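For reference, the chains in residue letters:
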Amino acid sequence: MDTSRLKRFSQAARQDLIEQVSSKLAFVLKAESSARREYPHAVNELEKALSTQGKTALIDQVAYTWFNRFCALRFMDVNGYNQVGVVSPADGQLRPEILAEAQSGVIDDVHFNKKLTDQIRGLLNGTITSPDAQGEAYRLLIVGSCNALYDRMPYLFEPIQDYTELLMPDDLLSENSILANMRAVMTPESCQDVEVIGWLYQFYISEKKDEVFAELKKNKKITPEKIPAATQLFTPHWIVRYLLENSVGRLWMLNRPASKLIDQMQYYIAPETPEDDFLRIASPEEIKIADPAVGSGHMLTYAFDLMYSIYEEEGYDPNDIPGLILKNNLYGIEIDERAGALASLAVEMKAAEKLGRRRFFRMKVKPNICVLEDVTFTDSEMDDVISIVGKDLYTADLRETLTQFEQAKNLGSLIVPKLKDPPETARFIEAKDFTGDLLLTEIHKRLIKVLRMAEYLSPKYHVVVANPPYLGSKGMNGYLGVFAKEQYPDSKSDLFAMFMERTLSLSINRGMMAMINMQSWMFLSSYEN
């Protein structure tokens, strides 16, 4: 895979998208813009988002949202997971296949509603006037395609009925468009492996990473929203293989010494002497593998490959295996919403590769990827929580757990939930119905959200594997620095060491932890304890 071409494209695409989204934003916000007349609710939501997020953050968010979607659509086109090419032409053609079909009168009326279909046809046959009828029709085709993918992949293709659609780039059909440049680097050869998505995202944020480290040199602390750019690193495949073959692979070989899995593990190091004290596994469905800093999911995609071989060896039906792996075996935790979406996409594409298009879209299971969110309860809302859960269930541990996620995007997987059994508490509370009370319904949703996040952060994993974030104490923002000193006194000097300590506690007794780490923890006095 030519990563240098991917890097040039991703960095240029980021700048191009930011410029185009900025231009659309200025156009949409004009007092006389057609968007204000036709989509008043979306414009109102846009103005609210601007007031809370700020212009720069909002433009950045919309730009990366479209980057993620375009890359995903291209990958799915190349591998035949979309019924027709959404961003890719058919062989020998220049226009995207979905547009060429629409121009010949063929539009998928199963996934495209009548209003959208009539708009597209009107633009293409001239009954609806537009300065760029073909471009506008194509943008509507993309919107319809994204909405059609929502049921299968809601994390990436949430329904587009908001300002994200209004701010979609205009130039999608020219020879110099982002889609044309993307097709040139996301070739059929590079799209044989979903790893290409991870590289694209790594390079997309690389300039932002440089900006953050330039600020660090000026003694500026890294704020929560900049932690992903500062700490995310895409892990080369041979390192991923080494880590997983000597953790997941090792665990399976200890339980099945005669397993043929060893034949495909190039980096496996067999124990020198037989081991008797190890975690006993009766079935592959038991094995839980977590990446607490999952990024774009590279660790989990190779874990998928190993688990598929294990299930196959145990005689499972190949059509059942992908769903079983997603349901039972793979878990990821992330603070960056865009990276978490790509991690979900990555493991889903592994399933699609094994199942084919039809079976993949019939599969009901969704990936176990948890993107942590900041959740806060006011004192008065805590009183409402008591009425929701009941006095018997409202323990000191539950109350403390509800306060632990106020800075979840700052602390990430370092949070250790106080509540000992979040899943059981969540099941009990989830069964309650507050549809008649809007206030309690909203608090109830937040309550369940915290308990679900706490469930991911509770010790239940057989294998925890990670390329952890690296950030020295000098670069930590105030809240994170204080948290490190109070909660991780033995490893507070760097996030990587704190993650070492944390991942050990995420795994069950005799579980395994596989991680890339700086060697300094073995030698510096600050890590001696």
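What you see as residue numbers is a count from 1 along each chain, following the sequence as written. Local features are withheld for residues below a pLDDT of 70 in this predicted model, meaning they are given only at 70 or higher, and side-chain atom pairs are given and counted only at 80 or more; totals for whole chains, interfaces and linings count all residues. Side-chain measures here rest on the full set of heavy atoms in the structure, leaving out hydrogens and waters.

**Here we look at the overall build of the chain**
- Along the backbone of the chain there are 25 helices and 5 strands.
- Its C-alpha atoms give the chain a radius of gyration of 24 Å, near enough to 24 Å, the size a compact globule of 529 residues would have.
- Reported as C-alpha extents along the three principal axes, the dimensions of the chain are approximately 75 × 60 × 50 Å.
- Every one of the 529 residues in the chain was classed for burial, and the buried ones make up 53%.
- Whether two residues touch is decided by their heavy atoms; if any such pair falls within 4.5 Å, the residues are in contact. Long-range contacts, defined as pairs at least 24 residues apart, comprise 72% of the intrachain contacts of the chain with a sequence gap of at least 6.
- Under the convention used here, a 1.4 Å probe and the Shrake-Rupley method define accessible areas, while residue burial counts only the protein chains that appear. By element, 50% of the accessible surface of the chain is carried by carbon and sulfur atoms, the whole surface being about 24,600 Å².
- Charge convention: Lys and Arg are scored as positive, Asp and Glu as negative, and His as well as the terminal groups of each chain are ignored. In this description, the location of a charge corresponds to atom NZ of lysine, CZ of arginine, CG of aspartate or CD of glutamate. For the chain, the distance from the average site of its 59 positive side-chain charges to the average site of its 74 negative ones is 2 Å. Labels follow the DSSP assignment, with helices taken as runs of H or I lasting at least four residues and strands as runs of E lasting at least two, numbered in each case from the N terminus. Computation of the radius of gyration draws on C-alpha atoms alone. For the globule rule, the value is 2.2 Å times the number of residues to the power 0.38. Burial classification: accessible surface area is computed with a 1.4 Å probe over protein chains only, and a residue below 20% of its type maximum counts as buried, one above 50% as exposed, and the rest as partly exposed.

**Considerations on the side chain of S259**
- Relative to the assigned elements, S259 resides in the loop between α14 (248-255) and β1 (289-291).
- By relative accessible area, S259 is classed as buried at 6%.
- A distance of 2.6 Å separates the side chain of S259 from the side chain of E313, its partner in a polar contact.
- Once you skip the residues sitting within four places of it in the chain, S259 turns out to touch W252, M253 and E313. N or O atoms closer than or at 3.5 Å make up a polar contact, with two conditions inside protein: a donor-capable atom paired with an acceptor-capable one, and, for residues adjacent in sequence, both atoms drawn from side chains.

**Quick word on the packing of aromatic side chains**
- Here a Phe, Tyr or Trp ring, Trp counted by its six-membered ring, pairs with any other such ring whose centre lies within 6.5 Å, and the pair is stacked when the planes are under 30 degrees apart, edge-to-face when over 60, and tilted otherwise. Taken as a whole and judged by the stated rule, the model has 13 aromatic pairs.
- Measuring from centroid to centroid gives 6.2 Å for Y331 and Y456, while their planes differ by 70°, and the two rings are edge-to-face. Here Y331, found in strand β2 (residues 330-334), pairs with Y456, found in helix α23 (residues 438-456); they are 125 residues apart in sequence, far enough to count as distant. For the pair shown, Y331 and Y456 are each scored as buried.
- Three or more aromatic residues link up through ring pairs in this structure, and these residues are F9, F67 and Y204.
- Cation placement over rings: the criterion is NZ of Lys or CZ of Arg within 6 Å of the ring centroid and within 35° of the ring normal. For the cation-ring pair, R69 lies above W66, with the distance from its terminal atom to the ring centre recorded as 5.1 Å.
- A cation over an aromatic ring shows up here: R280 above the ring of F278, its NZ or CZ 3.8 Å from the ring centre.

**Observations regarding the confidence of the model for the chain**
- A residue's pLDDT is the predictor's confidence in that residue, given on a scale from 0 to 100. In this model, the chain carries a mean pLDDT of 92, and residues with pLDDT of at least 70 account for 99%.
- Taken element by element, the predicted model of the chain shows its lowest mean pLDDT in helix α12 (residues 227-231) (74) and its highest in β1 (98).

**Here we look at the packing of helix α4 (residues 55-78) against helix α9 (residues 178-185)**
- Between α4 and α9, the shortest axis-to-axis distance is 11 Å and the interhelical angle comes to 50°. Here α4 is positioned oblique relative to α9, judged by the angle of their axes. Every pair of crossing elements has a handedness; the one defined by α4 and α9 is right-handed. Judged by residue contacts, F70, C71 and R74 of α4 engage I178, L179, M182 and R183 from α9. Fitted lines through C-alpha atoms give the axes, limited to the stretch in contact for helices. The angle between two N-to-C directions lies from 0 to 180 degrees. The scheme is simple: roughly parallel for angles under 35 degrees, roughly antiparallel for over 145, roughly perpendicular for 65 to 115, oblique for anything else. Take the far helix as the reference: if the near one is turned anticlockwise from it by less than a right angle, the crossing is left-handed, and if turned clockwise, right-handed.

**Regarding the environment of Q264**
- Within the secondary structure layout, Q264 lies in the loop between α14 and β1.
- On the basis of relative accessible area, Q264 is assigned to the partly exposed category, the value being 35%.
- C-alpha of Q264 to C-alpha of Y488: the two residues are 224 residues apart in sequence and 39 Å apart in space.
- Other than its neighbours up to four places away in sequence, Q264 contacts R241, E245, Y302, D305, L306 and S309.
- Within polar-contact distance, the side chain of Q264 engages the side chain of S309 at 3.1 Å.

**Digging into the nonpolar core**
- Here the nonpolar core consists of buried residues drawn from Ala, Val, Leu, Ile, Met, Phe, Trp, Tyr and Cys, with membership extended through side-chain atoms lying within 4.5 Å. One finds M186 and M349 to be the most contacted residues of the largest nonpolar core, which totals 122 residues.
- Broken down by element, the residue count for this core peaks at 13 residues, all from α4.
- In this structure, M186 is in contact with C71, R74, F75, V78, C191, V196, I197 and L200, ignoring residues within four places of it in sequence.
- Membership of the second largest hydrophobic core comes to 59 residues, among which are A229, L414, M476 and Y488.

**Points about a nonpolar patch on the surface**
- Patch criteria: residues need more than 30% relative accessible area and no salt bridge. Like-charged residues are merged within 9 Å; nonpolar side chains of Val, Leu, Ile, Met, Phe, Trp and Tyr are merged within 5 Å. By definition, a salt bridge exists where a carboxyl oxygen of Asp or Glu is found within 4 Å of a side-chain nitrogen of Lys or Arg. A cluster of nonpolar residues, W238, Y242 and I269, forms a patch on the protein surface that exposes about 330 Å² of accessible area.
- Structurally, the position occupied by W238 is in helix α13 (residues 237-245).

**Examining the sheet that holds β1**
- In this analysis, strands are considered paired if DSSP registers two or more bridges between them. Taking strand neighbours across the sheet as the criterion, the 5 strands line up as β3-β2-β1-β4-β5 in an open arrangement whose pairing is parallel. One side of each edge strand has no neighbouring strand; the edge strands of this open sheet are β3 (368-371) and β5 (507-515). Pairwise comparison of adjacent strand axes, ignoring direction, gives a mean angle of 20° for this sheet.
- Of the pairings in the sheet, the one linking β2 to β3 comprises 4 bridges and is parallel in character.

**Section: α14**
- The buried count for α14 comes to 8 of 8 residues, which makes it a mostly enclosed element.
- Residues of α14 that are buried sit in contact with α13, β1, α15 (298-313), β4 (461-466) and β5.

**Regarding the environment of F434**
- Considering the arrangement of structural elements, one finds F434 in the loop between α22 (422-430) and α23.
- For F434, a relative accessible area of 17% puts it in the buried group.
- On a C-alpha basis, the gap between F434 and H444 in space is 7.8 Å, while along the polypeptide they are 10 residues apart.
- Once residues lying within four places of it in the same chain are set aside, the contact partners of F434 are I388, L440, T441 and H444.

**Looking at helix α7 (residues 133-148)**
- Helices are assigned an expected span. That span is 1.5 Å times one less than the residue count. Between its first and last C-alpha, α7 extends 22 Å over 16 residues, near the 22 Å set by a 1.5 Å rise per residue.
- Burial analysis of α7 places 12 of its 16 residues in the buried class, the great majority of the element.
- Taken residue by residue, α7 has A133, G135, A137, Y138, R139, L140, L141, I142, V143, G144, S145 and C146 as its buried positions.
- Against α4, α5 (97-103), α6 (114-125), α8 (163-166) and α9 lie the buried residues of α7.

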